[in-house]
Amino acid sequence: MIIAVIDLGTNTFNLLVAEVTGDHKFKSLYNEKLPVKLGEGGINQGLIADPAFLRGIEALEYYSRKIKEYKADKVMAFATSAVRNASNGKEFVDTIKNRTGFEINVISGDKEAELIAKGVSLAVKMNDHPSLVIDIGGGSTEFIIVNKEKIFWKQSFEIGASRLLQKFNPSDPIKEDEKILMSDYLSVILEPLWAAAKKYNVKELIGASGSFESLANIVQARYHNIPDLATATECTFDMEQCKIIHKELLSSTRAQRFNMRGLIAMRVDLIVVSAILVETVVLQLGITTMKYSSYALKEGVISELL
């Protein structure tokens with residue numbers, strides 16, 4: 001059975017086409033990401049702006065053609081923060097249905113967190129001790145405290161990278177007072193996380209999706225000390241190397257980040273606010289170990305189906 005899963009993220013639309021084997025496992029046949037930027041120009045106003053609306057429709061029409069090439073038996077499409085909070089979200093979903101036939105499932109932040117946890121658990125070898133999973137999206141960021149057996153706590157916060165970027169509109173490069181302002185804002189917003197992490201004594205962070213993938217790619221390009229991300233589903237970061245990269249990101253201009261090895265163009269604008277979010281969490285919780293999971297929501301959907 002061939003399944004196509006589409007994740008309509010606020011910044012990126014992701015497509016995974018996978019073949020489900022008889023032993024309740026799957027293998028990836030095709031994986032693609034498109035920088036749709038659905039939240040651009042309207043996310044903090046609760047609106048999908050006209051240019052973003054059009055980009056989203058065109059991306060889904062392209063994915064429709066790609067899915068037909070693979071003769072998928074089942075298509076499952078999920079929309080997250082940008083669509084669920086938009087006043088014209090239903091219009092967007094209905095237009096996709098009319099143009100492609102796709103039924104878009106607009107999921108809650110809580111369900112999004114659950115699916116992310118299921119995907120990460122397939123990629124990362126966990127143990128009995130709780131870890132904090134973070135998925136920084138464009139519109140929302142999901143935090144899940146989980147071990148190899150169960151989810152202890154989860155919450156979705158409306159502090160995705162696109163939302164933060166449009167809210168704070170930092171200078172190029174970001175100024176120290178702007179960084180402090182954003183970090184202070186996040187510290188207040190994330191008070192429920194601080195309480196939960198203290199309760200479960202969390203010291204390990206597992207990052208999924210774009211921002212952490214970018215960090216892994218930069219580390220790989222510079223230090224060559226993590227597994228090949230084309231085949232590996234997880235890696236462990238060297239915290240000192242991450243501190244060096246973090247410092248460079250926060251002092252860099254947009255033009256300099258375009259030339260940074262390992263950082264793809266679609267992440268150049270968002271990586272700075274993402275770095276501040278991660279730093280805030282690491283310092284607040286005293287994180288000692290940080291990992292990357294190449295699986296997230298899409299793989300979680302397949303895991304749930306299996």
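See above for the structure.
Treat the numbers as computed from the prediction; the structure is a model and nothing was measured. Position numbers for residues start from 1 in each chain and track the written sequence from start to end. Local features in this predicted model are restricted to residues of pLDDT 70 or higher, and side-chain atom pairs are both shown and tallied only at a pLDDT of 80 or more, whereas totals for entire chains, interfaces and linings draw on every residue. Calculated side-chain values reflect all of the structure's heavy atoms, with hydrogen atoms and water omitted.

## A short note on the sheet that holds strand β8 (residues 151-157)
The following threshold applies: Two strands qualify as a pair provided DSSP detects at least 2 bridges between them. The secondary structure listing takes helices from DSSP runs of H or I that are at least 4 residues long and strands from runs of E that are at least 2 residues long, numbered from the N terminus. Here an axis means a line fitted to C-alpha atoms, over the contact stretch when the element is a helix, while the angle between two N-to-C directions is reported on a 0 to 180 degree scale. The criterion used for residue contact is that any of the two residues' heavy atoms lie within 4.5 Å.
Ordered by their spatial adjacency, six strands build an open sheet running β8-β7-β6-β9-β11-β10, and the pairing between neighbours is mixed. Of all strands in the sheet, those bounded by a partner on one side alone are β8 and β10 (234-236). Going from strand to strand, the sheet's axes swing by 20 degrees on average, the running direction of each strand aside. Here six bridges tie strand β6 (residues 131-136) to strand β7 (residues 141-146), and the two strands are oriented antiparallel to one another. In the strand pairing of β7, V133 is matched with I144. Where helix α8 (residues 210-223) meets the sheet, its contacts fall on β6, β9 (204-208), β10 and β11 (289-293), and the angle it forms with β11 comes to roughly 105 degrees.

## Remarks on the sheet that holds strand β3 (residues 26-34)
As a general point, the strands of a sheet are linked pairwise by backbone hydrogen bonds and lie either parallel or antiparallel. Taken together, the five strands give an open sheet; going across it, the order is β3-β2-β1-β4-β5, and neighbouring strands pair in mixed fashion. If you trace the sheet from one side to the other, it starts and ends with β3 and β5 (104-106), each paired once. In this sheet, adjacent strand axes meet at a mean angle of 20 degrees when their direction is disregarded. Two strands pair when backbone bridges link them, and strand β2 (residues 13-20) and β3 are joined in this way by eight bridges, in the antiparallel orientation. Each bridged residue has a counterpart across the sheet, and for E19 the counterpart in β3 is K27. Along the sheet, helix α1 (residues 50-69) contacts β1 (2-8), β2, β3 and β4 (74-79); its crossing angle with β3, the most-contacted strand, is approximately 150 degrees. Contacts from helix α3 (residues 89-100) reach β1, β2 and β5 within the one sheet, and its direction differs from that of β5 by about 160 degrees.

## Considerations on the nonpolar core
Put simply, the rule reads: Side-chain atoms within 4.5 Å link the members of a nonpolar core, which is a set of buried Ala, Val, Leu, Ile, Met, Phe, Trp, Tyr and Cys residues. Working definition: with a 1.4 Å probe on protein chains only, accessible area under 20% of the residue-type maximum means buried, over 50% means exposed, and in between means partly exposed.
Of all hydrophobic cores here, the largest spans 51 residues; its most connected members are L132, F143, L190, F237, V281 and M290. Excluding its chain neighbours within four sequence positions, the residues that come into contact with M290 are L205, F212, L215, C235, T236, F237, M239, C242, V278 and V282.

## Thoughts on the packing of helix α5 (residues 161-168) against helix α6 (residues 176-189)
Let me state the cut-off plainly: Any angle between 65 and 115 degrees counts as roughly perpendicular, while under 35 counts as roughly parallel, over 145 as roughly antiparallel, and the rest as oblique. Left-handed describes a crossing whose near helix is turned anticlockwise from the far helix by less than a right angle; the clockwise case is right-handed. Ten residue types, Ala, Val, Leu, Ile, Met, Phe, Trp, Tyr, Cys and Pro, are classed as nonpolar, four, Asp, Glu, Lys and Arg, as charged, and the remainder, Gly among them, as polar.
Where α5 contacts α6, the axes come no closer than 11 Å and their chain directions differ by 130 degrees. With respect to α6, the element α5 is oriented oblique. Seen from above, α5 lies across α6 with right-handed handedness. Within the contact between the two elements, α5 uses L164, K167 and F168 and α6 uses L181, M182, Y185 and L186. Within the contact of α5 with α6, the residues separate by chemical class into six nonpolar, no polar and one charged.

## Some details on the pairing of β2
On any regular strand, side chains alternate: one points to one face of the sheet, the next to the other face. Of all eight residues making up β2, seven are buried, and the element is well covered by its neighbours. Pairing of β1 with β2, which is carried by seven bridges, proceeds in the antiparallel orientation. Bridging from a neighbouring strand, D7 pairs with N14 of β2. Between β2 and β3, which follow one another and run antiparallel, lie five residues, and H24 among them has a positive phi close to 60 degrees.

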